Amino acid sequence: MDDFCSKSSKMLKEEKYNDFIGHVKSKTKNLTSDEIDYFYNVSVSKNIMPLTLIILNLRWKHIKKVPDTQLDRWLSLTQDFLIGVSNEINSAFIKYLFRLSLKFGEISFEIGHSMPDYSKKAQFTLLQVLERSQKISEITPIHYLVAKLGLFNKKLYELERIMNSSFLQVCSNSKVTGVQCVLFFYYIGSVALILKNYSRVNYFYELAICMPSKSIHIASIESYKKQVLIHLITDGSQYHVPRLAPSRFSSIVRHHSCEHYSKLSSLFTEYIRGKGDKESVLSFIIKAKNFWAMDKNEGLIKKVKTALIKHKVKKLTKVYASLTFKQLKKETEEEKADEIVTKMIENREITGKIDRKNETVIFYDVENQVTVDEIQDVCEDLMKYTEQVESRLKEVNLDTRYLKQLLFTEGLKKDR
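What this report covers is the structure whose coordinates are included nearby. (Residues numbered from 1 in each chain as written. Predicted model: local features only at pLDDT ≥ 70, side-chain atom pairs only at ≥ 80, totals over all residues. Heavy atoms only, no water.)

Right, let's talk about the sheet that holds strand β1 (residues 322-324) for a bit. Spatially, the 3 strands line up as an open sheet ordered β1-β3-β2, and their pairing is antiparallel. At either margin of the open sheet sits one strand with a lone partner, and together these are β1 and β2 (352-355). The sheet shows a mean angle of 15° between the axes of neighbouring strands, direction not considered. Strand direction decides the pairing type here: β1 and strand β3 (residues 360-363), joined by 3 bridges, are antiparallel. Counterpart to L323 in the pairing with β3 is V361. Sheet strands in contact with helix α18 (residues 325-332) are β1, β2 and β3, and its direction is about 95° off that of β1. Here helix α19 (residues 337-346) sits on the sheet in contact with β2 and β3, set at roughly 140° to β2. (Pairing = 2+ DSSP bridges. Helix = DSSP H or I, 4+ residues; strand = E, 2+ residues; numbered from the N terminus. Axes fitted to C-alpha atoms, helices over the stretch in contact; angles between N-to-C directions. Contact = heavy atoms within 4.5 Å.)

In structure tokens:
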């Protein structure tokens, strides 16, 4: 064993990493559970970190052979190792680091259903691995698991740095699958949705939809369904399949699993444009309630119902300068339209005022207001510059050199 360790250490010092990995694999190929434990203790005592990493990977590969009484011990040992080592890991061993992190996180997630502390520890540990390995903005095999754990633990704000990153590449030293990428985009998009960061929601869900793959993953389809509802809520507009989406995606979303979302989107926008009625939208929502429940989108559907009147009102502000309460109720087909408009004005969703005496709502043209404000600002700046120029002219006029030059120039003009 001493010969094996000394040879391993020598290879690491000489930076013969591939030789080291081959040497360790050949030696640990057919180890029993007890022998794996022995190798682990030796690697720790000799402080050969890459050897400990590979041995831990081997232990987690055969984790089912470990008695339940020892599982907690190996979870703790692995957690301590991952937190302590990830900031000094060589790129040659990065795939083993993420492989170990993935196995550790998956087991912790399973146990977390009955003992939540395990999944919380796993989320903290995997975030530390990403931080210390400086792979926050590169997609790794554990990104999807970190987002999944965050949703499960309801610890979403800890994921904000990941959520606000732009992902332009995958980690080159780790094997990241297409499924892991799609799941990550879907989970982190769902985190952004809960935190109401709609720009990041669109960014991640669209990446999930556009992810190239031989077959369309269910997470891509679920992302599309949510995008349809989110666009109705935020913009009051229809969502269309992006041009960069796989060619088969458009035909799949026309399938019965998505047709209810397309139908709702069509009815919603027709009502906003004045070509449909509110009752058609609401009755269809009730009719398809089983589909919303099956997709777990009831919360978004409630927001769609609220957004329905609000977007209609916003549309009316572009057409009318004012409306009586009676006209407003007729246009929106909503008895409480005046109350809704009042709240929208208070929340600064639209600009205007309520004339209770005449039962009228007056809409302000925001664009014109902004233009007037800008003109006033420019005028104020011009006045300041004019004052500066005038004061400078006084200084110049008092300068004797300037006066002499001016008189000389005037004399030349007269002579000509």
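Turning to the layout of surface pockets, a few remarks are in order. Considered as a void within the structure, the largest pocket measures approximately 430 Å³ in volume. Lining the largest pocket are 16 residues, with Y186, K226, D295, K296 and N297 sitting closest to its centre. Among the elements of the structure, α10 (178-194), α12 (218-234) and α17 (298-317) are those that each provide at least two residues to the lining of the largest pocket. In terms of residues, the lining of the largest pocket owes the most to one element, α10, which gives 5 residues. Classifying every residue of the lining of the largest pocket by side-chain character gives 7 nonpolar, 3 polar and 6 charged. What the second largest pocket holds in volume is close to 320 Å³. Every residue lining the second largest pocket is counted, 17 residues in all, and those nearest its centre are T28, N57, L58, K61 and H62. Looking at the lining of the second largest pocket, the elements with two or more residues in it are α3 (33-45), α4 (49-61) and α6 (94-112). Considering every element that reaches the lining of the second largest pocket, the biggest residue donor is α4, with 4 residues. (1 Å grid on protein atoms, 1.4 Å probe; cavity = no way out; pocket = protein on both sides within 12 Å on 5 of 7 lines; lining within 4 Å. Points joined across faces, edges and corners; volume = space filled by probe spheres on them. Nonpolar A, V, L, I, M, F, W, Y, C, P; charged D, E, K, R; others polar.)

The subject of this paragraph is the environment of F93. Inspection of the secondary structure puts F93 in the loop between α5 (68-85) and α6. Its relative accessible area of 2% is what places F93 among the buried residues. Between the alpha carbons of F93 and S174 there is a distance of 9.2 Å; along the sequence they are 81 residues apart. In this structure, F93 is in contact with L12, Y17, F20, I21, P50 and L53, ignoring residues within four places of it in sequence. (Buried < 20%, exposed > 50% of the residue type's maximum accessible area, 1.4 Å probe, protein only.)

Within a pair of aromatic rings, the relevant descriptors are the distance that separates the centres and the angle that separates the planes. Taken as a whole and assessed by the stated rule, the structure comprises 14 aromatic pairs. Relative to F204, the ring of F167 lies with its centre 6.1 Å away and its plane at 55°, an arrangement referred to as tilted. Of this pair, F167 sits in the loop between α9 (160-163) and α10 while F204 sits in helix α11 (residues 198-210), and the two are 37 residues apart along the sequence. The exposure class of F204 is buried, given its relative accessible area of 0%. Look at F184 and F185: their rings are 5.7 Å apart centre to centre, the planes differ by 45°, and that puts the pair in the tilted class. Here F184 and F185 have matching classes, each one buried. Three or more aromatic residues joined by ring pairs form one cluster here, namely F167, F184, F185, Y203 and F204. (Phe/Tyr/Trp six-rings, centres within 6.5 Å; stacked < 30°, edge-to-face > 60°.)

Here we take up α11. In this model, α11 (13 residues) spans 18 Å end to end at C-alpha, consistent with the 18 Å of a helix rising 1.5 Å per residue. Within the span of α11, buried status applies to R200, V201, F204, Y205, A208, I209 and C210. (Expected span 1.5 Å × (residues − 1).)

We now examine helix α7 (residues 116-132). Along its 17 residues, α7 runs 25 Å from first to last C-alpha, staying within 8% of the 24 Å computed at 1.5 Å per residue. Every buried residue belonging to α7 is among Y118, S119, A122, Q123, T125, L126, L127, Q128, V129 and L130, and all of these are buried. Looking at the residues trailing α7, positive phi occurs at Q134, about 55°.

Turning our eyes to something else, we now look at the environment of S119. Along the chain, S119 turns up in helix α7. When the C-alpha positions of S119 and G105 are compared, they lie 7.6 Å apart, and in sequence the two are 14 residues distant. If we skip the residues at most four places from it in the chain, S119 touches S108, G112, L149, F152 and N153. Among the polar contacts made by the side chain of S119, one reaches the side chain of N153 at a distance of 2.6 Å. (Polar contact = N/O pair within 3.5 Å; in protein donor to acceptor, adjacent residues only side chain to side chain.)

Among the nonpolar cores identified, the biggest contains 123 residues, and F20, F93, I162, F184, I188 and L264 are the most heavily contacted of them. No other element matches the 11 residues that α10 contributes to this core. Filtering out sequence-adjacent residues up to four positions away, F184 remains in contact with I139, H143, Y144, A147, I162, F167, G189 and F204. (Core = buried A, V, L, I, M, F, W, Y, C linked by side-chain atoms within 4.5 Å.)

On the surface, K25, K61, K95, R99 and K175 cluster together into a patch of positive charge. For K175, a relative accessible area of 65% corresponds to the exposed category. (Patch = residues over 30% accessible without salt bridge, like charges linked within 9 Å, V, L, I, M, F, W, Y side chains within 5 Å. Areas by Shrake-Rupley, 256 points an atom, 1.4 Å probe, with all protein chains shown as cover. Salt bridge = Lys/Arg side-chain N within 4 Å of Asp/Glu carboxyl O. Lys, Arg positive; Asp, Glu negative; His and termini not counted. Charge placed at Lys NZ, Arg CZ, Asp CG, Glu CD.)

Read these as geometric descriptors, not functional statements.
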